[in-house]
Every structure is written in structure tokens, then in C-alpha cells.
Amino acid sequence: MHFKYIHNFKLRWMLMPALIVAPALAFSQAGPPADSLKADSLRARKFNIKPIEDLSKQYDFGDLTHAILHPHKKPDSLHKSSGITIVPNVAANPTIGGQLGIKAVAGRRLGNDPKTLLSVAATSASITTKGIIYFYLNHNVFTPGNKWNFQGNLVAAKTVSPDFGLGIGRGYPNGSTPEKILADGSHKGYVIRSNYYNIREKLYKNIGKNFFAGAGMSFEIRRNVNARDSTGLSTPSGVYNTGHGFPQDHYSSNGFLFNIAYTTRDNPNRTYKGVYFDAGIRVNQRWIGSTKSAVQITSDLRKYISLSDVNPETVLALWNWGSYLVTGDIPYLELPGTARDGSYRSGRGYTSQYFKGTQFNDTEAEFRFPILRNKFLSGVAFGNLQTANDEHGTKLFQVFQPGYGAGFRVLFNKATRTNLALDYAFGQFGRKGFFLNLNESF
């Protein structure tokens, strides 16, 4: 059901507390911040976005701000919206405490070719009441005509990572004490503190219509890792590190990346239609500083189906993401798992790496629909299924754990389809909470 365009002055003021209070209630996924996203290029100050829709009928946060600050001044219909969105980065959960910071998201279509895909970027700096410090800069740039695509990120952080053991939630009651700790069916929580650094860059070349082939490198380094396990056998990470020959207090996971990609998405921030597929091989090598050698395969498939010509933002979105170890060993905190996809958004309902294994797969579906006629407020309903292996006989696709929930979207920047996402999600083992992000989870 659609509602009339919001003009009432009092109603605008009633909306303001909700927009201010909602971020403070957010339950973010721990580890890399949940607001991370694949993004790009903060260099340009003026943006020439070529809209594919009538933006004059849409109402975003900038319009709301203008209406509050200048209630008697009509908006300039010829004014071009900026492609940069800056918002407070506020969140809270029992693991990180209260979080305060600032983040910015930018978007620009490079060149004059209307077929060039939107380049996007994000950066954020934050600190929490428990001493966690996090900075990141992500980018996803398409050159004019989509001839080249640059994807990468830079992260420097002092982190706290919640840990609930290895696997998909099945215990090992007949095993030894260390084996029971590694695959704890009760999902007792542990905390791992560390300093984390990541530099990743991939360069893709257009090799055909919507097809790209790319290569790059990734350096993931952790120092001062502290799980409070003096024996190496009293925590899941300690048991894993002892069994796989990793140091307890540091490691490096450095490797080469080789990928192929196909994309027809109309906008990476909030897609109405199209397909995205990326498959890759990661090869960690000791001779470039990796603690262990390993080979992994990853896959990322997304499909977006617009269900209405009148309201194209009414979308059924489907996503499958997976990562699979072929050979070698992966450090415990780099194992694929919940929210370990490229934008740290998968598996809402659980904290980062709540489930994990050397083989992991997540499937998600989300229904997106407008609530207000002017697109300022939208809604979503979603669900996900995660599966992983463990070291005690559980195979991939043998056990699944569900997550589900619903949420709202507030249109922050109509020029780039940037929105504020507020979701409440539920999972197994009593897991639930708020999740706050800029833009869609996928």
C-alpha cells in the first residue's frame, strides 16, 4: 500500500528521532564491521551520475534535511545530487560495546559512456568503548566503457573477534576434551583479540560483453593474537592452531588471486535487475610471507528480479556465496564462515564466523519493496541457510543452520541509490539482534 508524499512539518520532525536513535540500537556483526561493502573512488568532487529513473519523484535524506532547515524554500529541481553520503557510524553489541565513528560512501559513473557501470567507494573510522579501533577504505572502480575494473581494500584495526568453535553447530560428545572444545555443541563463546591488517587489490580486464578476467594479491596479517589460552588446548582457536601447526600469537595469510567475473547489475549499491557472478582461486605461498601454503576456490552468484514495472525497486534478490579449501592450511581467523564474504554481510542473525569450516556455503533470499510512494522508506524480508564441514566427520551440505528477519531501508542518496539498512534478524542457539549498514547486504 502506498502513502502520500510527506509534506507535514510536524511529521518531518517526528522522523528525526527515529533516524538518530535507530543507529544507536544497531547490533553489528563483530570482526570486520558490518557496514563494510565493496566500493570505490573517492577522488572526484563532482559527480555526473546518469540516472536511469526519474529522481524528481523520489525523496531522500538530503530532501528531508533541506525541508527542516529551509521549510519555506522550494528545492531546486535543476540541482544535481552529490554522489557522496556521509553519516555517523554508530553501533552497539555486547562484544564490542558502544561504537562511534564516521563513514562515507561515494558513487560516480566515469566517462560519458552510458553503459559504464557505477564506480563506488566507502571509507570509515571508528572506535568502541572496549578499545576496538577500525579503519577501512574499499573501492570498486570501472573505467569508461568498462575496459578495466579495479577492486580492493585497505584495513587497519585493533579487533575483538567472538569465537564459537569450528563447524556448523554439531557437537562431538564422544571425543577427547580438546575435540569437544573445537566443535562445541553448546556454542560457548570465546574472545580473541588481535591487531589486523589487510591490503588487497585485484585488476580485472574486460574480455567480452559483461565478462572480466582478473588477478591480484591479498596480504592478511594478524599480530598480538590473544585468546587467553596458555596451553593451546583450552580454546577452539588454540586447539586448531596446535593441530595445524600455526603460532598462537601471530600469522600471515598472503596469496595470489585469480578471478573471472560476469555482471549485468544496473547499480551495485541497490540493484533492481541483473546478474553478478565471480569465481576465483586463491593461492597462498610461503615465499611471499604466508605462514602456510594453501589453495582455495571461491564463488559468488547473485540474481536480481524486478517484480514491477511501476515500482522497479520491488525486487526478489537471490545470493549464493561459498569458499572451499582444496589443499594446505588456513589460519583459524581466516577460515570461511558467517559474514566472511567480500563485504562481510552474509548470515544475518549471527556474528562474524559464528559458523566456519574449511568448506563453507551460504544461500540467501530477500524480498525488497517500497513502503512510501516517494521511495523514502522501503522494507525487506530475508532468510539464509548456512552449511559447513568440521574435522569430526560432518560434511558440507549435510547440516544447515537458518537465519531470517526483516527490516527497513531509508533512502539517503537517490543519485547513487545509497540507503540506510536497519535489520532485525534471528538465528539458532538464541542468536538475534539489530544489524546496521549502508546499502543492501548483497
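Residues numbered from 1 in each chain as written. Predicted model: local features only at pLDDT ≥ 70, side-chain atom pairs only at ≥ 80, totals over all residues. Heavy atoms only, no water.

Visitor: Help me out: how do you make sense of unusual backbone geometry in this one?
Guide: Peptide bonds are mostly trans, and most non-glycine residues show a negative phi. The backbone of Asn-146 sits at a positive phi, close to 60°, despite the residue not being glycine. Take Asn-146: it is sitting in the loop between β5 (133-142) and β6 (148-163). Overall, Asn-146 belongs to the buried group, its relative accessible area being 11%. One non-glycine residue, Gln-353, lies in the positive phi region at around 60°. Looking at where Gln-353 falls in the secondary structure, it is placed in the loop between β12 (315-328) and β13 (359-370). Classification of Gln-353 as buried rests on a relative accessible area of 6%. (Helix = DSSP H or I, 4+ residues; strand = E, 2+ residues; numbered from the N terminus. Buried < 20%, exposed > 50% of the residue type's maximum accessible area, 1.4 Å probe, protein only.)

Visitor: I would appreciate a short explanation of the packing of aromatic side chains in the present structure.
Guide: The relative placement of two aromatic rings is captured by the distance of their centres and the angle of their planes. Counted according to the given criterion, the structure contains 17 aromatic pairs. Ring geometry for Tyr-354 and Phe-429: centres 6.3 Å apart, planes at 45°, overall tilted. Highlighted residues: Tyr-354 in the loop between β12 and β13 and Phe-429 in the loop between β16 (418-427) and β17 (432-438), separated in sequence by 75 residues. Taking relative accessible area as the criterion, Tyr-354 reaches 1% and is therefore assigned buried. Pairing Tyr-404 with Phe-426 gives two aromatic rings, centres 5.6 Å apart and planes at 20°, and the pair type is stacked. (Phe/Tyr/Trp six-rings, centres within 6.5 Å; stacked < 30°, edge-to-face > 60°.)

Visitor: Just checking my understanding: could you explain the environment of Tyr-134 for this structure?
Guide: Along the chain, the position of Tyr-134 falls in strand β5. Residue Tyr-134 is classed as buried on the basis of its relative accessible area, which comes to 5%.

Visitor: In this structure, what is going on with a nonpolar patch on the surface? I would like to understand it.
Guide: Taken together, the side chains of Ile-305, Leu-307, Leu-316, Leu-318 and Phe-367 define a hydrophobic patch exposed on the protein surface, amounting to about 370 Å² of accessible area. Tracing the backbone shows Leu-318 in strand β12. (Patch = residues over 30% accessible without salt bridge, like charges linked within 9 Å, V, L, I, M, F, W, Y side chains within 5 Å. Areas by Shrake-Rupley, 256 points an atom, 1.4 Å probe, with all protein chains shown as cover. Salt bridge = Lys/Arg side-chain N within 4 Å of Asp/Glu carboxyl O.)

Visitor: What is the right way to look at a positive patch on the surface in this model?
Guide: A cluster of basic residues, Lys-130, Lys-158, Arg-193 and Arg-228, forms a positive patch on the protein surface. Along the chain, the position of Arg-193 falls in strand β7 (residues 190-208). Judged by its relative accessible area of 37%, Arg-193 is partly exposed. (Lys, Arg positive; Asp, Glu negative; His and termini not counted. Charge placed at Lys NZ, Arg CZ, Asp CG, Glu CD.)

Visitor: Can you help me understand the confidence of the model for the protein in this one?
Guide: Reading fine detail from the predicted coordinates is not recommended where pLDDT is low. Residue-level pLDDT values for the protein average 84, and 83% of them are 70 or greater. A low-confidence stretch, residues 1-51 (pLDDT under 50), is modelled with 159 contacts involving residues beyond four sequence positions or located in other chains. (pLDDT = per-residue confidence, 0-100. Contact = heavy atoms within 4.5 Å.)

Visitor: Would you mind showing me how to read the pairing of β16 here?
Guide: Along any regular strand, the residues point their side chains to alternate faces of the sheet. The buried count for β16 comes to 8 of 10 residues, which makes it a mostly enclosed element. Across 10 bridges, the pairing between strand β15 (residues 401-413) and β16 is antiparallel. Bridge pairing in β16 links Leu-411 to Asn-419. Following β15, the chain reverses through 4 residues before pairing antiparallel with β16; Arg-417 in that reversal takes a positive phi of roughly 60°. Looking at chain direction, β16 and β17 are connected through 7 bridges and run antiparallel. Following the sheet pairing, Ala-421 is matched in β17 by Asn-437. (Pairing = 2+ DSSP bridges.)

Visitor: Can you help me understand the pairing of β13 in this one?
Guide: As judged from the 10 bridges shared by β12 and β13, these two strands associate in the antiparallel manner. Bridge pairing in β13 links Ser-323 to Phe-360. Across 11 bridges, β13 lies against strand β14 (residues 377-388) in antiparallel orientation. In the strand pairing of β14, Thr-363 is matched with Leu-385. The hairpin formed by β13 and β14 contains 6 residues between the paired strands, and Lys-375 there has a positive phi angle of roughly 70°.

Visitor: For this particular structure, what's the right way to read the pattern of salt bridges?
Guide: Two side chains that carry opposite charge are able to pair once their charged atoms sit near each other. Using the criterion set out here, one finds 16 salt bridges in the structure. Between Glu-440 and Arg-368 there is a salt bridge, and its shortest N-O distance comes to 3.9 Å. In this pair, Glu-440 sits in the segment after β17 while Arg-368 sits in strand β13, placing the two residues 72 residues apart along the sequence. For the pair formed by Glu-440 and Arg-368, the shared burial category is buried. Residues joined in a network through salt bridges with shared partners are Arg-348, Glu-364, Glu-366, Arg-368, Arg-409, Asp-423 and Glu-440.

Visitor: Can you help me understand the side chain of Asp-362 in this one?
Guide: In this structure, Asp-362 sits in strand β13. Among buried Asp, Glu, Lys and Arg side chains, Asp-362 stands out as unpaired, with Arg-348 the closest opposite charge at 8.1 Å. In contact with Asp-362, not counting residues within four places along its chain, are Trp-319, Asn-320, Trp-321, Ser-346, Gly-347, Asn-384, Leu-385 and Gln-386.

Visitor: Explain the environment of Arg-302 to me, please; I cannot follow it from the model alone.
Guide: Among the secondary structure elements, Arg-302 is positioned in strand β11 (residues 294-306). Note: C-alpha distance between Arg-302 and Trp-321 (19 residues apart in sequence) is 8.6 Å. Polar contacts involving the side chain of Arg-302 include one to the side chain of Asp-300, which spans 2.9 Å. (Polar contact = N/O pair within 3.5 Å; in protein donor to acceptor, adjacent residues only side chain to side chain.)

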